[in-house]
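Structural overview for review
Chain residues, written in single-letter form:
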Amino acid sequence: MAAPSPGPREVLALSPEAECKAPTSRSGRRGLLWRLRDKQLRLGLFEISPGHELHQLACMMQAGLWAATQVSMDQPPRGLPTEEDFSEVLIQAHEGFELGTLAGPAFAWLRHSLGLAEEDYQAALGPGGPYLQFLSTSKSKASFFLSHDQRFFLKTQQRREVRTLLAHLPRYVQHLQRHPHSLLARLLGVHSLRVARGKKKYFIIMQSVFYPAGRISERYDIKGCEVSRWVEPASTGSPLVLVLKDRNFQGKTIGLGPQRSWLLRQLELDTAFLRELNLLDYSLLMALQHLQEDERGPGSSLVFCTVRSVQGLQSPDEPGAQNRRLLPDGPNALHILDGPEQRYFLGLVDLATVYGLRKRLEHLWKTLRYPNRTFSTVSPTLYAHRLCQWVETHTE
């Protein structure tokens, strides 16, 4: 499946160099008290600072993204993305590397539709502060980063995964228009990075499901199966932030009360969409945060508030607006669902694995290797059904 690729435009980037120097701006000047508070909220995360093996890569990503975002700020989106917007490739040359922006105008429109200011996006991903790293429990060889404010998640991807994401991007945008409260992770950018004449690396940027992370107590990655779905929990008092898996959640339930029916319906809509794209091996990310006394009940503005739409998307009166809910009045509302006692952060991620020949052969091998056990490599139809069934069984 070929990725859309018109002739790339090469631009000499006027941006900070790759030494991670902060641009002169209000967002770059942080006081001592702010920094101390920020350090406290980063417990369990590690700054990618000088000496870290990924420091040079992170610095190049920051300088490149600062310049790439400046392009969309200088040329803001006008109307819905066109076919040319979905296929545009912009190459910007920097000292020692070049950064490519794939489908840049389409992603700029998507960020605008989510109410995300380009200035905030640039400040979070640019050289204003170090990227953060956490120990991933994923079996992939990808590198994972968080922006310094933990609002955005960056992940390296293989070329075939990027091609899949770009091929499905127009339908992804249409799905979010039809279902503005979808559980699908909000993909905000796809980029390539090449050092000198080396091999291209690809990475994506998405809105972090686990934001704001300050009071989150548990994190899970759910696939609805059992093989390789256990993580040894961190010892008591350990600063490590681990994402646990299905078998770690055994014996627990997700207490949603009246919100349960909305979640089951939205998960059905989203997994049906992924099934149509022939995708599998995606995960439902979930995190738990205990609600404080003033955040519970009918008097809480976090639980009961007026319906508000995502900026730029359909209003409830327009055709195709489906399965809306009351959104909490706070950041990252699309990924937050409040129950009577707990706040849940929920989002579907890893949307780039196609059920092709390689996965079909893997399915046959695992059928022999794990008889009478459930594993992740199954047909998209079974995968979607099984994940919905898991959520239905574990919610009340």
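Now for the overall build of the chain. Looking only at helices and strands, the chain features nine helices and 14 strands. For the chain, the proportion of its 396 residues judged to be buried stands at 53%. In the chain, of all internal contacts separated by at least 6 residues, the share reaching a separation of at least 24 is 72%. Carbon together with sulfur atoms contributes 52% to the accessible area of the chain, which is approximately 19,300 Å² in total.

Taken together, five strands build an open sheet; the order of strands is 11-10-12-14-13 and the sheet is mixed. With partners counted over all chains shown, the strands left at the sheet margins are strand 11 (244-245) and strand 13 (336-338), one partner each. Looking at chain direction, strand 12 (residues 283-290) and strand 14 (residues 342-349) are connected through eight bridges and run antiparallel. The residue of strand 14 that forms the bridge with Leu-285 is Gly-347. Lying on the sheet, helix 9 (residues 380-393) is in contact with strand 10 (218-222), strand 12 and strand 14; it crosses strand 12 at an angle near 20 degrees.

Another point: the pattern of salt bridges. Enumeration over the complete set of coordinates arrives at 16 salt bridges. For Arg-171, the salt bridge goes to Glu-276, with nearest N and O atoms at 3.3 Å. Placement of the pair is Arg-171 in helix 6 (residues 159-178) and Glu-276 in helix 7 (residues 260-276), with a sequence separation of 105 residues. In this structure Arg-171 comes out as partly exposed when scored by relative accessible area, which is 37%. Via salt bridges that share partners, Asp-221, Arg-229 and Asp-246 belong to a single interconnected network.

The step from Tyr-211 to Pro-212 runs through a cis peptide bond, and the omega angle for that step is -5 degrees. Note that Pro-212 resides in the loop between strand 9 (201-207) and strand 10. One non-glycine residue, Asp-281, lies in the positive phi region at around 65 degrees. Mapped onto the fold, Asp-281 is located in the loop between helix 7 and strand 12. For Asn-332, which is not glycine, the phi dihedral falls at a positive 60 degrees.

On to the packing of aromatic side chains. The relation between two aromatic rings is expressed through the spacing of the ring centres and the mutual angle of the planes. Under the definition given, this model contains eight aromatic pairs. On the basis of an interplanar angle of 55 degrees and a centroid distance of 6.1 Å, the ring pair of Tyr-131 and Phe-145 is categorised as tilted. Of the two residues, Tyr-131 is situated in the loop between helix 5 (118-125) and strand 5 (132-133) and Phe-145 in strand 6 (residues 144-146); the sequence distance between them amounts to 14 residues. On the numbers, 6.4 Å between centres and 90 degrees between planes, the contact of Trp-365 with Tyr-370 is edge-to-face. Exposure remark for Tyr-370: the relative accessible area of 17% places this residue in the buried category.

Counting 60 residues, the largest nonpolar core has Leu-169, Tyr-172, Val-190, Leu-263, Tyr-282, Met-286 and Leu-348 as its most contacted members. It is helix 6 that contributes the most residues to this core, seven residues altogether. When near neighbours in sequence (up to four residues on either side) are disregarded, Tyr-282 contacts Ile-222, Lys-223, Thr-271, Leu-274, Leu-348, Val-349, Asp-350, Leu-351, Tyr-383, Ala-384 and Leu-387. If you look at the next biggest cluster of nonpolar residues, it comprises 27 residues, including Phe-97, Phe-145, Phe-152 and Leu-193.

Moving on, we come to helix 4 (residues 104-113). Most of helix 4 is tucked away: eight of the ten residues are buried. Taken as a whole, helix 4 has its buried residues at Gly-104, Ala-106, Phe-107, Ala-108, Trp-109, Leu-110, Arg-111 and Ser-113. Check the buried side of helix 4 and you find it contacts helix 2 (55-74), helix 3 (83-87), strand 4 (97-102), helix 5, helix 6 and strand 8 (187-195).

Now for the confidence of the model for the chain. Close reading of the predicted structure is inappropriate where its pLDDT is low. In this model, the chain carries a mean pLDDT of 86, and residues with pLDDT of at least 70 account for 81%. Predicted confidence for residues 21-43 stays below pLDDT 50, and this span has 27 contacts to residues more than four positions away or in other chains.

Bringing the side chain of Lys-223 into the picture now. Inspection of the secondary structure assignment puts Lys-223 in the loop between strand 10 and strand 11. Relative accessible area serves as the criterion here: at 10%, Lys-223 is assigned to the buried category. Polar contacts involving the side chain of Lys-223 include one to the main-chain carbonyl oxygen of Asp-281, which spans 2.8 Å. Excluding anything up to four places from it in sequence, Lys-223 contacts Arg-229, Asp-246, Asp-281, Tyr-282, Ser-283, Ser-376, Tyr-383 and Leu-387.

Cut-offs and rules
- Residues numbered from 1 in each chain as written.
- Predicted model: local features only at pLDDT ≥ 70, side-chain atom pairs only at ≥ 80, totals over all residues.
- Heavy atoms only, no water.
- Helix = DSSP H or I, 4+ residues; strand = E, 2+ residues; numbered from the N terminus.
- Buried < 20%, exposed > 50% of the residue type's maximum accessible area, 1.4 Å probe, protein only.
- Contact = heavy atoms within 4.5 Å.
- Areas by Shrake-Rupley, 256 points an atom, 1.4 Å probe, with all protein chains shown as cover.
- Pairing = 2+ DSSP bridges.
- Axes fitted to C-alpha atoms, helices over the stretch in contact; angles between N-to-C directions.
- Salt bridge = Lys/Arg side-chain N within 4 Å of Asp/Glu carboxyl O.
- Phe/Tyr/Trp six-rings, centres within 6.5 Å; stacked < 30°, edge-to-face > 60°.
- Core = buried A, V, L, I, M, F, W, Y, C linked by side-chain atoms within 4.5 Å.
- pLDDT = per-residue confidence, 0-100.
- Polar contact = N/O pair within 3.5 Å; in protein donor to acceptor, adjacent residues only side chain to side chain.

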